[in-house]
Structure formats: structure tokens, C-alpha cells
Amino acid sequence: MAFISSGYNPEKPMENRNSDIGPRKYDEYFPEVIKNNFGKWLYHEILEPGVLMHVAESGDKVYTVRCGGARTTGVQNIREICDIADKYCKGKVRFTTRNNVEFMVDNEEDLKALKADLPTRKFPAGSFKFPIGGTGAGISNIVHTQGWIHCHTPATDASGPVKCVMDEMFADFQNHRLPAPVRISLACCLNMCGAVHCSDIGIVGIHRKPPMIDNAWVDQLCEIPLAVASCPLAAVRPTKMELDGKKINTVAIKNERCMYCGNCYTMCPALPISDGEGDGICIMVGGKVSNRISRPKFSKVVISYIPNETPRWPTLTQQVRKIVEVYAANANKYERLGEWAERIGWERFFEMTGIEFSSRVIDDFRDPAYYTWRQTTQFKFSESGAEIYGGQGGESAERAEVTEDDKQKVLNYFAEKTNKTKFYFNDFLDLFPEKSSRDVKAVLSALVKEEKLVYWSSGSTTMYNLKGVGKVG
């Protein structure tokens, strides 16, 4: 009962409490109209882009004006936000999780004055300080991570690409021309603290090279067991080596296991992963958190690599613009980007957007999309797609020409690899360097049809196995 001896009275928890410890109670900051109608709201409407109206059971109304904000800002901007809140909102203001600023008023007169005032506030170069928008069937403000400002593992910047993309898409921030909301997010590395894995369009910074090892400093800067334990794929192991005539403790990295996440660098500063040539961006599409119409979805990688083209990232902005424009022209009303892509088929998505489809594109976080997307007959190229990807329009990979020599080459490969019985699809790409992945798939499919090979599945990945050899699941 130590809390009683310390003077704390559980019957009166706020008695003698020092309120400077911890946050103050949230309802102290409510506007009066929110406090009076807390939990008693009937409905809300979007009156125009960036302007919402909530109506309570009592008949009270609150009008919200949403303005695009910035994750990184200065005190001058914060002071101006406070001045606006004092002038129109009785000193209350709200910041959203997508870096927006919301000003709330309880009458139409203040709403009209606020809407007239905000567009007049501009930076010296002429851009809006408080652009109104980001609601409904448009593009909301981009949520993003730290980037090069103060993160230690980024593969790209955050504020830079976000600024460039929003400059390109600004008109759609201020209108409702799209079929449904489009959420764009950016994470500057695979750790994805920007939640891009559930966004309509996700921009992800990617490393493409394993960490470098500064052997002279590993044992002095790092706790080697922590560096080893930090790797989710067990690619880091402890080792010893001789340096300048001395035996030192260090680590070794199994490059083929590394997924370039940078976790080891977090634990060990002597394992830097950033690289000017290897780092860049990939684009993911089709994710959402909402369960409206269809269940929530993870995003799928559609462009595996775009270089960091500072300072304006032109290729990135052009690709985002292209995806949004094709979606806007072809999706049904209320249909999110991923729902549209699934309705027309992902191959049609690639054809319509002009994005190149390759084996590096993945639809989950383990297997190449080349065979995980092609497990049903519903996934076929159209005739226009055949011109891009080869083969006959509407025909599956099994129709490609397969020779007996090709099939025997695969069987010989299995015979030579006596230490393994199961192989991934990518293992056979090296066996046929002159063939496309589509043609290699055709060879394997022919052997499966002849019952010389069988599929083996762990539930999350698919491999090929000689029939009757090893464990088959």
C-alpha cells in the first residue's frame, strides 16, 4: 500500500496533483461547442473541398476548415496559426495525423471571414501558407517520415519528395474530381514508419546494397550480440579477423540473406548502409485502411526502383501523376485505387498506366508476382499487353514454346544439386539466362503437367520439387 503512505488518496485521485506532470486532460482544450455536444453528433457533411460541417443532436453546428500543414515547421508559422485561432476560433486549433491544421468555428459568419482570410496569407515566393483542401474525393495531405533531416537509416529524403509530389498534385488537394479519396504516404526506408503499406499510393525509400563493415570500429562502437540479434533474416554473424597485426572482434554479413532494412546500423554505427548509387525509391499502389466496399488491403509494389533525382524528383512525380490520371479517368465513383486495379485486373493496370511489369514486382512480401499473381486463369494479358510483354494475347505461360532440351536441362539441374530437393522460381532464371521469366515459367509448368515436378508450398511461398523426392506439402 505504498501509494497510501506517499499521500495518494485513491478516492480523490486529483487531490494535490501536480498538473505539470504528464498531459492535461484532453477536454480542457475542446472548443465550447465540442464540449457541450461531446458524443452526441448526428452527422457531418463536406460543404466544399476543405470545409466540413458537423451537426449535433441539439442542433448545434461546428464548421471545420482544414488547411495543409507541414511536418517540419518554424515558430513563426506556429505563432501565425495561434493568431488565426485567437481571431476566429476562441484560441482553439487542431492538428491532424496527416499534418493538417484544422480551424473550428460555430457560426457561418466566422466561417466566411476565415475562408476569406486564409488564402491571403502567402509566403514571399507566392505559395499559400494555409491552403484549404484535403477532404473527400481528392488527395489528402501526405503523411511522411523524417528522411534526411534527422533519420539515420533513410534511403531517400522525406520532405523533399513530398514537397515535389504535392506541388504536382496540388490542384487535386483543392478539388473533388477523383472517384474516391487518394491517400499518399512516404516512408524513407523499409522500416516504414510512414504506414505506406496501407496507402493508395505509397512511396518507399529502398537500399539496394548490404551494409559496409568498418572493421576497425565494430568492437569499439557496437555490442556485437545486439548487432547480430537485430537482423530479422540472420544475415549478420560474429567473427574474428586480423587487422594491423591485431586480432579483433567484428561481424560478417551474408549478402544473399540481407534485405537492406538497416536494422543492424541502428544497433551498430560501424555498419553504414546508405549509398548514393544503390539508394532510391519504389512505388506501391492499392492499399487502404477503410473497409468500405472491400476489406482493408496492403499495397503492392508496381515500380521497383526510381533513383533519387534531387532536388525535384521528376521521374517520381511524373509516375505518381500518371497513376492518378489513369485512375481518375477509368475508375467508378467511390472506387478506391486498389479496388479499381483489382476489378480490371492488375495486368490491365500495368498496360493502362504504361508501367513495366517485371519479376521484381511483388504482390506480397515474399514471392515474385510473376507466379503468385498467376495462380488463376483470371489473370491474363490482353492483346494490347501482348505487344509489350510478348506471347499471344490472353494466353498463359504454358502456351510458350518448350523444347525437350529445356526440360532435360531442368531435370539435370535437380540431379546435380544433391544437397537440396526444393528450389525457388528465381533459381531457374539463372539456369536460362537467355530466356525471359515467362519462358522459364513455361518450362517448369510443362514439367509439372507431365508430373515430373510438383509444387511444394509452405503456406507463404511456393517452390518446385522432383516428384517423389523429399517432403512434399
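Calculation notes
- Residues numbered from 1 in each chain as written.
- Predicted model: local features only at pLDDT ≥ 70, side-chain atom pairs only at ≥ 80, totals over all residues.
- Heavy atoms only, no water.
- Pairing = 2+ DSSP bridges.
- Helix = DSSP H or I, 4+ residues; strand = E, 2+ residues; numbered from the N terminus.
- Contact = heavy atoms within 4.5 Å.
- Axes fitted to C-alpha atoms, helices over the stretch in contact; angles between N-to-C directions.
- Buried < 20%, exposed > 50% of the residue type's maximum accessible area, 1.4 Å probe, protein only.
- Phe/Tyr/Trp six-rings, centres within 6.5 Å; stacked < 30°, edge-to-face > 60°.
- Lys NZ or Arg CZ within 6 Å of the ring centre and 35° of its normal.
- pLDDT = per-residue confidence, 0-100.
- Salt bridge = Lys/Arg side-chain N within 4 Å of Asp/Glu carboxyl O.
- Polar contact = N/O pair within 3.5 Å; in protein donor to acceptor, adjacent residues only side chain to side chain.

### So, the sheet that holds strand β2 (residues 51-56)
Okay, step 1: Here we have five strands laid out as an open sheet, ordered β1-β2-β3-β5-β4, and antiparallel in their pairing. Bordering the open sheet on either side are β1 (41-48) and β4 (94-95), each of which pairs with just one other strand.
Okay, step 2: Across six bridges, the pairing between β1 and β2 is antiparallel. Looking at β2, one finds that Tyr43 is bridged to Val55.
Okay, step 3: Against the sheet, helix α3 (residues 75-88) engages β4 and β5 (100-105), with an angle of about 15° to β5.

### Considering unusual backbone geometry
Okay, step 1: For the bond running from Thr310 to Pro311, omega is 5°, close enough to zero to count as cis.
Okay, step 2: With respect to the secondary-structure elements, Pro311 resides in the loop between β12 (300-307) and α9 (314-330).
Okay, step 3: Of note, the phi angle at Ile293 is positive, near 70°, even though the residue is not glycine.
Okay, step 4: Mapped onto the fold, Ile293 is located in the loop between β11 (280-285) and β12.

### As for the environment of Met166
Okay, step 1: Relative to the assigned elements, Met166 resides in helix α5 (residues 159-173).
Okay, step 2: On the basis of relative accessible area, Met166 is assigned to the buried category, the value being 13%.
Okay, step 3: Between the alpha carbons of Met166 and Ile139 there is a distance of 9.0 Å; along the sequence they are 27 residues apart.

### Here's the deal with the packing of aromatic side chains
Okay, step 1: Under the defined criterion, the tally for this structure stands at 18 aromatic pairs.
Okay, step 2: Taken together through their ring pairs, the aromatic side chains of Tyr327, Trp340, Trp346, Phe349, Phe350 and Phe357 make up a single cluster.
Okay, step 3: Lying across the ring of Tyr26, Lys25 places its NZ or CZ 4.8 Å from the centre.
Okay, step 4: Here the basic side chain of Arg292 rests over the ring of Tyr334, its NZ or CZ set 5.0 Å away from the ring centre.

### Section: the confidence of the model for the chain
Okay, step 1: Per-residue confidence for the chain gives a mean pLDDT of 86, with 87% of residues at or over 70.
Okay, step 2: When the criterion is pLDDT under 50, residues 374-379 qualifies, and its contacts beyond four places in sequence or with other chains add up to 10 contacts.
Okay, step 3: Contacts from residues 390-399, a stretch scored under 50 in pLDDT, to residues over four places away or in other chains number 19 contacts.

### Considering the sheet that holds strand β7 (residues 184-187)
Okay, step 1: Taken in spatial order, the five strands make up an open sheet running β6-β7-β8-β11-β12, and their pairing is mixed. At either margin of the open sheet sits one strand with a lone partner, and together these are β6 (143-144) and β12.
Okay, step 2: Examined bridge by bridge, β7 and strand β8 (residues 201-206) share four bridges and lie parallel to one another. By the bridge assignment for β8, Leu186 is matched with Ile203.
Okay, step 3: Those strands touched by helix α11 (residues 346-353) are β11 and β12, and its axis lies near 35° from that of β12.

### Concerning the pattern of salt bridges
Okay, step 1: As enumerated under the stated definition, the model contains 28 salt bridges in all.
Okay, step 2: In this structure, Asp200 and Arg336 form a salt bridge, with 2.7 Å as the shortest nitrogen-oxygen distance. Taken as a pair, Asp200 in the loop between β7 and β8 and Arg336 in the loop between α9 and α10 (337-344) lie far apart in primary sequence, 136 residues in all. Just as Asp200 is buried, Arg336 falls in that class too.
Okay, step 3: One salt bridge in this structure joins Glu450 and Lys407, with 2.5 Å as the shortest N-O distance. On the criterion of sequence distance, the pair formed by Glu450 in the loop between α16 (437-449) and β14 (453-457) and Lys407 in helix α14 (residues 404-416) is long-range, its members being 43 residues apart.

### Thoughts on the side chain of Asn141
Okay, step 1: Examined against the element boundaries, Asn141 turns out to sit in the loop between α4 (108-117) and β6.
Okay, step 2: Within polar-contact distance, the side chain of Asn141 engages the backbone oxygen of Asn99 at 3.3 Å.
Okay, step 3: Within the structure, Asn141 has its side chain in polar contact with the side chain of Asn100 (distance 3.4 Å).

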